[in-house]
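What follows is each chain in one-letter form.
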Amino acid sequence: MSGIKNKAAPWWLSGPALLLFTALLLVPLLLTAVLSFNVYDPATGPKAGEFTLAHYAQVFTDSYYHGIFWRTFWISALVTLICVVIGAPEAYVLSRMRNPWRSILLLVVLAPLLVSVVVRAFGWSMLLGPEGAVNSLLGLVGIGPVKMLYTEIAVIVALVHVMLPFMVIPVWTSLQKLDPGVENAALSLKASPFTTLRRIVLPQVMPGILSGSLIVFGLAASSFAIPGLLGGRRLKMVATVVYDEYLSELNWPLGAAIALTLLAANLIVMLSYNRLVEGRYKKALG
């Protein structure tokens, strides 16, 4: 009897969390999936009980949506790459600092998370505008004005600013688990600092880089506020198209189909990337 209770204990303990997960994620996701197959009538709206594949056919065959998905994913990939290039060295420097400077720099890294994304987007719109601070500085050296607002440049810059903490923190956490003695041993055996970083430090922090990359890519691909405010009405990304279909066109089934297609594409890209990097990580560590 006690054995049965011991086996059931994990389920009883995780039961409330599973119920919450089901109610807040799985049920809405299932309802969205059902909605994506509903027939849409421009005069009356979605028709309950009538189903079609026309919305998915439109998403997969229309070049307009192909271009939007392509733009969304290349911007997300570039943002992820920039965050890795900036965030990983920043986390390494952070891990080597002593208090109180480590605490101060960590606060600087986390401080943007305390400010609303909308507020930060408006801040970047003022900085990158035709008469903003960036164009004023470029004008001092005889360049400009350069059109940055409502372009991919503005979206990428703002997304990097927003997503960078999500890259720094996982890498910094991985570095906390790194034994400094291993790095010192490599240096004592005449390995150069670059070789030590490449062959000792980098393979051991790859889980942090992988986690940060997946978080940044997923959040960037599904972001709405920054593309909506800094991309304008012409520079569409998938999240802004979903918003338009729901609130402007009132075509909820098509909006649901686009949203679920984005979710599926995100999962495919992230799982493929996870498998690739994880395989190389295991091979590097033997």
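Residues numbered from 1 in each chain as written. Predicted model: local features only at pLDDT ≥ 70, side-chain atom pairs only at ≥ 80, totals over all residues. Heavy atoms only, no water.

1. Some thoughts on the overall build of the protein
The secondary structure content of the protein amounts to 12 helices and 2 strands. Helices and strands appear in the protein in the N-to-C order α-β-β-α-α-α-α-α-α-α-α-α-α-α. The principal-axis extent of the C-alpha atoms belonging to the protein is close to 80 × 75 × 35 Å. Restricting the contact set of the protein to residue pairs at least 6 apart, pairs at least 24 apart contribute 68%. Accessible area of the protein: about 17,100 Å², with a carbon and sulfur share of 71%. Of the charged side chains in the protein, 20 are positive and 12 negative; the average position of the first set lies 16 Å away from that of the second. (Helix = DSSP H or I, 4+ residues; strand = E, 2+ residues; numbered from the N terminus. Contact = heavy atoms within 4.5 Å. Areas by Shrake-Rupley, 256 points an atom, 1.4 Å probe, with all protein chains shown as cover. Lys, Arg positive; Asp, Glu negative; His and termini not counted. Charge placed at Lys NZ, Arg CZ, Asp CG, Glu CD.)

2. Section: the pairing of strand β1 (residues 38-41)
Regular strands have side chains that alternate between both faces of the sheet. What you see with β1 is a clean split: Asn38 and Tyr40 sit on the buried side and Val39 and Asp41 on the side with no burial. The pairing of β1 with strand β2 (residues 45-51) spans 4 bridges and is antiparallel. Looking at the pairing, tyrosine 40 lines up with proline 46 of β2. Counting the residues between successive antiparallel strands, the hairpin from β1 to β2 contains 3 residues. (Buried < 20%, exposed > 50% of the residue type's maximum accessible area, 1.4 Å probe, protein only. Pairing = 2+ DSSP bridges.)

3. Observations regarding the pattern of salt bridges
Tallying each qualifying case throughout the model produces 2 salt bridges. Close ionic contact of lysine 47 with aspartate 41 constitutes a salt bridge, the shortest N to O distance being 3.7 Å. You can call lysine 47 partly exposed: its relative accessible area is 29%. For aspartate 41, a relative accessible area of 22% puts it in the partly exposed group. (Salt bridge = Lys/Arg side-chain N within 4 Å of Asp/Glu carboxyl O.)

4. Overview of the side chain of glutamate 245
Here glutamate 245 lies in helix α11 (residues 238-248). Here glutamate 245 is in contact with Tyr65, Leu250, Asn251, Trp252, Leu254, Gly255 and Ile258, once residues within four sequence places are set aside.

5. So, the confidence of the model for the protein
Low-confidence regions, as indicated by low pLDDT, have predicted coordinates that should not be scrutinised in detail. Looking at the protein, pLDDT values average 83 and 91% of them are 70 or higher. Per-element mean pLDDT across the protein ranges from 70 in helix α8 (residues 180-188) up to 91 in helix α2 (residues 54-61). (pLDDT = per-residue confidence, 0-100.)

6. A word on the packing of helix α5 (residues 117-128) against helix α6 (residues 133-140)
The interhelical angle for the contact between α5 and α6, taken along N-to-C directions, is 25 degrees, at an axis separation of 4 Å. In this view, α5 runs roughly parallel relative to α6, as classed from their interaxial angle. Taken together, the residues of α6 that come into contact with α5 (itself represented by Met126, Leu127 and Leu128) are Ala133, Val134 and Asn135. Looking at the contact of α5 with α6 residue by residue, the class counts come to 5 nonpolar, 1 polar and no charged. (Axes fitted to C-alpha atoms, helices over the stretch in contact; angles between N-to-C directions. Parallel < 35°, antiparallel > 145°, perpendicular 65-115°, else oblique. Nonpolar A, V, L, I, M, F, W, Y, C, P; charged D, E, K, R; others polar.)

7. Focus: the nonpolar core
Judged by nonpolar contacts, the single largest core of 42 residues is most densely connected at Val79, Cys83, Val155, Leu159, Ile226 and Leu230. For this core, the secondary-structure elements that each account for two or more residues are α3 (63-96), α4 (101-110), α5, α7 (152-176), α9 (193-221) and α10 (225-230). No other element matches α7, which puts 14 residues into this core. Residues within four places of valine 155 in sequence aside, it is in contact with Ile75, Ile226, Pro227, Leu230, Gly231, Leu235 and Met237. If you look at the next biggest cluster of nonpolar residues, it comprises 14 residues, including Val59, Tyr65, Val241 and Val242. (Core = buried A, V, L, I, M, F, W, Y, C linked by side-chain atoms within 4.5 Å.)

8. A look at the packing of α3 against α4
Remark: α3 packs on α4, axes separated minimally by 9 Å, with the N-to-C direction vectors making an angle of 150 degrees. It follows that α3 is roughly antiparallel to α4 by the angle criterion. Read as a crossing pair, α3 and α4 show a hand that is left-handed. Of the residues in α4, those in contact with Glu90, Leu94 and Ser95 of α3 are Arg102, Leu105, Leu106 and Val109. Split into classes, the residues belonging to the contact of α3 with α4 amount to 4 nonpolar, 1 polar and 2 charged. (Left-handed = near helix turned anticlockwise from the far one by under 90°.)

9. Let's talk about the packing of aromatic side chains
Enumeration according to the criterion identifies 6 aromatic pairs in this entry. Taken together through their ring pairs, the aromatic side chains of Phe69, Phe73 and Phe217 make up a single cluster. (Phe/Tyr/Trp six-rings, centres within 6.5 Å; stacked < 30°, edge-to-face > 60°.)

10. Observations concerning unusual backbone geometry
Its identity as a non-glycine residue notwithstanding, tyrosine 150 has a phi of 65 degrees, on the positive side. Tracing the backbone shows tyrosine 150 in the loop between α6 and α7.

11. Looking at the side chain of serine 223
With respect to the element layout, serine 223 can be found in the loop between α9 and α10. Here serine 223 falls in the buried class, since its relative accessible area comes to 12%. Here the side chain of serine 223 touches alanine 220 through a polar contact of 2.9 Å, landing on its backbone oxygen. Dropping the residues within four chain positions of it, serine 223 is found in contact with Leu159 and Ala239. (Polar contact = N/O pair within 3.5 Å; in protein donor to acceptor, adjacent residues only side chain to side chain.)

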